[in-house]
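Tertiary structure, described
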Amino acid sequence: MAINSPNMLRTAAVATLERAINFALRYDPGTTLTLESLHGQVFAIECTEPALILFIHIDAPMRLSEHYDGPVTTRIVGSLKDFTQLATAEDPAGALINSDISVHGKSGPLIELQQIFKHLDVDWEEPIAEIIGDVPAHQVGVGIRRAAKFAKTLPPKLQTRIEKHLYEESKLLPTRADVDQWVDGVAKLNIDIERMRARVMQLRNRRQRGAGS
Amino acid sequence: MAEDKTTHFGYKTVNVEDKVGMVAGVFHSVAAKYDIMNDLMSAGIHRVWKRFTIEVSGVRKGNAVLDLAGGTGDLTAKFSRLVGPEGKVVLADINDSMIRVGRDKLTDLGVVGNVEYVQANAECLPFDDNSFDVVTIAFGLRNVTDKDAALRSILRVLKPGGRLLVLEFSHPENPMLQKAYDTYSFSILPKLGQLVAGDAESYQYLAESIRMHPDQETLKGMMQEAGFEQCDFYNMTGGIVALHKGTKP
């Protein structure tokens with residue numbers, strides 16, 4: 001009977017991911033240099049949902065594997081959701097403590113690795129220049145950098161522009177001041193109605209007492 | 001007069017002493033187009049099978065690795081990086097044409113320094129006892145005339161605790177897949193060989209030799225018989241290919 005047969009699609013996907021990481025690292029010499037401090041370390045990421053184990057071997061080039069029976073620097077176990085939150089966290093140490101991820105081994109090198117990859121800054125001009133030449137590649141590079149910068153500022157800018165259009169140009173929505181004024185008006189009207197109701201009740205009671213005497 | 005011993009060469013029965021020369025003829029013929037044919041025949045999946053083999057091998061820095069029937073050096077290139085300058089990889093093949101293609105390819109890729117090339121018959125390996133941490137034989141064992149002798153020879157050169165990995169075409173588990181695979185092997189494969197390598201016969205032999213190769217359980221038994229322990233196998237792509245592993249006690 002065969003032992004658990006490997007998933008060839010997953011093996012191929014891991015190979016593709018490994019190639020992509022090494023491609024990116026080739027064009028970010030700063031990160032590659034910083035990674036040297038972690039050379040020889042092996043990190044195991046054990047995902048419970050979906051079930052998957054991935055070993056990250058810090059080397060030049062970096063290696064990913066699904067099988068490894070040697071010593072591991074840090075083993076982290078959690079769900080895909082937990083790992084995504086950790087990978088994107090501004091404060092990885094805090095995220096690690098507050099998450100459901102369990103860490104076995106040293107956590108310091110793991111946090112260092114997360115920080116290094118967070119600051120990955122790939123020089124896209126170089127691979128493009130290898131194909132289309134230096135000058136056009138520079139133009140494309142400038143375009144890519146502008147697009148990336150724009151994409152970073154897009155969410156707050158876009159929100160401001162949509163608000164402006166809805167309030168001032170199309171007048172589809174009231175401004176915050178208009179809404180506050182309206183809410184105050186409603187509150188005042190509510191109080192006035194309550195007072196009037198109390199006054200009416202008072203008058204009715206007085207009339208009933210006058211009729212009884 | 002003593003009777004001539006026979007063995008199989010694909011579906012043909014041939015004299016034992018003739019088989020080595022006939023297999024050599026096949027690989028002399030396909031050596032130049034070997035890599036491109038592998039990609040075409042397997043739609044590139046052979047790279048994934050080899051990657052899995054490397055992962056299971058557990059090769060580390062400083063190890064000595066024997067890549068038997070190493071052919072054009074796919075595994076050797078990866079092992080060379082893993083063992084580092086303090087380790088050693090020996091690419092051995094019985095066929096000088098394959099070694100020449102492999103050596104040129106690896107040298108062009110800059111894979112030098114820790115790689116040696118040896119022309120050797122797997123049945124009587126020219127290495128000291130207990131020399132290697134890992135021995136791999138990928139898509140080579142089915143071409144060996146005396147597989148039991150080859151397994152014993154590998155056991156001898158492995159260090160105690162060393163690992164053998166046999167990556168080889170095998171027998172699909174699913175009968176439907178077997179049928180589709182037979183159609184592909186005997187109808188399409190020889191035509192592909194004719195078109196790309198100009199040699200339909202060699203690829204007809206390839207298909208036949210796969211069918212004549214022992215199935216997964218039989219090969220596992222042969223490894224145990226040769227003296228390996230912790231023998232087991234992984235089926236890949238539905239059993240079209242199997243990876244057997246065993247450890248020298």
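Residues numbered from 1 in each chain as written. Chains lettered and ligands numbered in written order. Predicted model: local features only at pLDDT ≥ 70, side-chain atom pairs only at ≥ 80, totals over all residues. Heavy atoms only, no water.

What about the overall build of chain B?
- Helix and strand content of chain B: nine helices and nine strands.
- Expected size for 249 residues packed as a compact globule is a radius of gyration near 18 Å; at 17 Å, chain B falls within 12% of this value.
- C-alpha atoms of chain B, sized along the principal axes, occupy 45 × 45 × 45 Å.
- For chain B, the residues scored as buried account for 55% of the 249 residues in total.
- Long-range pairs, those at least 24 residues apart, make up 70% of the contacts in chain B between residues at least 6 apart in sequence.
- Carbon together with sulfur atoms contributes 54% to the accessible area of chain B, which is approximately 10,700 Å² in total. (Helix = DSSP H or I, 4+ residues; strand = E, 2+ residues; numbered from the N terminus. Rg over C-alpha atoms; globule rule 2.2 N^0.38 Å. Buried < 20%, exposed > 50% of the residue type's maximum accessible area, 1.4 Å probe, protein only. Contact = heavy atoms within 4.5 Å. Areas by Shrake-Rupley, 256 points an atom, 1.4 Å probe, with all protein chains shown as cover.)

Some details on the sheet that holds strand S3 (residues 63–65) of chain A
Residue and element names in this part refer to chain A.
- Strand order in the open sheet formed by five strands is S3-S2-S1-S4-S5, with mixed pairing between adjacent strands. In this open sheet, the two edge strands, each paired with only one partner strand, are S3 and strand S5 (102–105). Ignoring strand direction, the axes of neighbouring strands in this sheet form an average angle of 15°.
- Direction of pairing for strand S2 (residues 52–57) relative to S3: antiparallel, over a ladder of three bridges. Across the sheet, residue histidine 57 finds its bridge partner in S3, namely arginine 63. (Pairing = 2+ DSSP bridges. Axes fitted to C-alpha atoms, helices over the stretch in contact; angles between N-to-C directions.)

Description of the sheet that holds strand S4 (residues 88–93) of chain B
Residues and elements named next belong to chain B.
- As summarised here, the arrangement of the seven strands in space is S5-S4-S3-S6-S7-S9-S8, forming an open sheet in which the pairing is mixed. Edge positions in the sheet fall to strand S5 (115–119) and strand S8 (229–236), since each of these pairs with one other strand and no more. Taking each pair of neighbouring strands and ignoring which way they run, the sheet shows an average axis angle of 15°.
- Of the strand pairs in this sheet, strand S7 (residues 158–169) and strand S9 (residues 241–247) are connected by seven bridges, and their pairing is antiparallel. Counted as the bridge partner of valine 166 is histidine 244 from S9.
- Relative to the sheet, helix H4 (residues 74–83) contacts strand S3 (64–68), S4, S5 and strand S6 (132–138), its axis offset from that of S4 by approximately 165°.

Points about the layout of surface pockets
- Estimated volume of the largest pocket: approximately 1,300 Å³.
- The wall of the largest pocket is formed by 49 residues, among which Glu18 and Arg63 of chain A together with Arg51, Lys78 and Arg81 of chain B lie closest to the centre.
- Of the residues contributing to the lining of the largest pocket, the split by class is 21 nonpolar, 13 polar and 15 charged.
- Each pocket or cavity is described by its volume, and for the second largest pocket that value is around 720 Å³.
- Taken together, 27 residues line the second largest pocket, and the ones lying closest to its centre are Ile45, Leu54, Ile56, Phe83 and Ala87 of chain A.
- Of all elements in the fold, only helix H1 (8–26), strand S1 (42–47), S2, helix H3 (80–88) and helix H5 (108–118) of chain A reach the threshold of two or more residues within the lining of the second largest pocket.
- It is H5 of chain A that provides the largest number of residues to the lining of the second largest pocket, a total of six residues.
- Among the residues forming the lining of the second largest pocket, the class breakdown is 23 nonpolar, two polar and two charged. (1 Å grid on protein atoms, 1.4 Å probe; cavity = no way out; pocket = protein on both sides within 12 Å on 5 of 7 lines; lining within 4 Å. Points joined across faces, edges and corners; volume = space filled by probe spheres on them. Nonpolar A, V, L, I, M, F, W, Y, C, P; charged D, E, K, R; others polar.)

Here we look at the pairing of S7 of chain B
Residues and elements named next belong to chain B.
- With six bridges joining them, S6 and S7 adopt parallel strand pairing. Along S7, the bridge assignment pairs isoleucine 137 with valine 166.
- The parallel pair S6 and S7, bridged by helix H6 (residues 147–157), forms a crossover whose chirality is right-handed. (Right-handed = clockwise from strand over helix to strand, strands pointing away.)

Let's talk about helix H3 (residues 45–57) of chain B
Residues and elements named next belong to chain B.
- The end-to-end C-alpha distance of H3 is 19 Å, a good match for the 18 Å that 13 residues give at a rise of 1.5 Å each.
- Buried residues dominate H3, accounting for eleven of its 13 residues.
- Considered for burial, the residues of H3 that qualify are His46, Val48, Trp49, Lys50, Arg51, Phe52, Thr53, Ile54, Glu55, Val56 and Ser57.
- The first or second residue beyond H3 is glycine 58, which carries a positive phi of 65°. (Expected span 1.5 Å × (residues − 1).)

Considering the interface of chain A and chain B
- Contact with chain A, which involves 22 residues of that partner, is made by 18 residues of chain B.
- Approximately 1,800 Å² of surface area, both sides summed, lies buried where chain A meets chain B, with 55% of it carried by carbon and sulfur atoms.
- Put simply, chain A and chain B have four salt bridges between them.
- For glutamate 18 of chain A, the salt bridge is made with arginine 51 of chain B, and the minimal N-O distance between the two is 3.2 Å.
- Where chain A packs against chain B, one counts six residue pairs in polar contact (both at pLDDT 80 or more).
- For the side of chain A that touches chain B, the secondary-structure elements that each account for two or more residues are H1 and S3 of chain A.
- The element that contributes the greatest number of residues to the side of chain A that touches chain B is H1 of chain A, accounting for six residues. (Buried area = accessible area lost by both parts, 1.4 Å probe. Salt bridge = Lys/Arg side-chain N within 4 Å of Asp/Glu carboxyl O. Polar contact = N/O pair within 3.5 Å; in protein donor to acceptor, adjacent residues only side chain to side chain.)

Notes on empty space enclosed by the protein
All names here are of chain B.
- Within the structure shown, the criterion is met by two cavities of 30 Å³ or more.
- Approximately 450 Å³ is the volume attributed to the largest cavity.
- Forming the walls of the largest cavity are 33 residues, and the residues nearest its centre are Ala69, Asp93, Phe139, Gly140 and Asn143.
- Mapped by element, the contributors of at least two residues to the lining of the largest cavity are helix H1 (16–30), helix H2 (34–42), S3, H4, S4 and S6.
- Take the lining of the largest cavity: its biggest share by element is five residues, from H1.

Considerations on the packing of H3 of chain B against H4 of chain B
Residues and elements named next belong to chain B.
- Closest axis-to-axis distance for the H3/H4 pair is 10 Å, and the angle between their directions is 35°. Handedness of the H3/H4 crossing: right-handed. Seen from H3, the contacting residues are His46, Lys50, Ile54 and Ser57; seen from H4, they are Asp74, Leu75, Lys78, Phe79 and Leu82. (Left-handed = near helix turned anticlockwise from the far one by under 90°.)

Considerations on the side chain of asparagine 22 of chain A
- Looking at where asparagine 22 of chain A falls in the secondary structure, it is placed in helix H1.
- When sequence neighbours within four positions are dropped, the list of residues in contact with asparagine 22 of chain A reads Pro61 and Met62 of chain A.

Comments concerning the nonpolar core
Residues and elements named next belong to chain B.
- Formed by 34 residues in total, the largest nonpolar core has its most connected members in Trp49, Phe79, Leu167, Phe169, Met236, Val241 and Leu243.
- Residue contacts for phenylalanine 169: discarding those within four places in its chain leaves Trp49, Phe139, Arg142, Tyr181, Leu206, Ile210, His213, Ile240 and Val241.
- Core analysis: the next-biggest nonpolar cluster, separate from the first, contains 29 residues, Ala64, Phe132, Ala150 and Leu155 among them. (Core = buried A, V, L, I, M, F, W, Y, C linked by side-chain atoms within 4.5 Å.)

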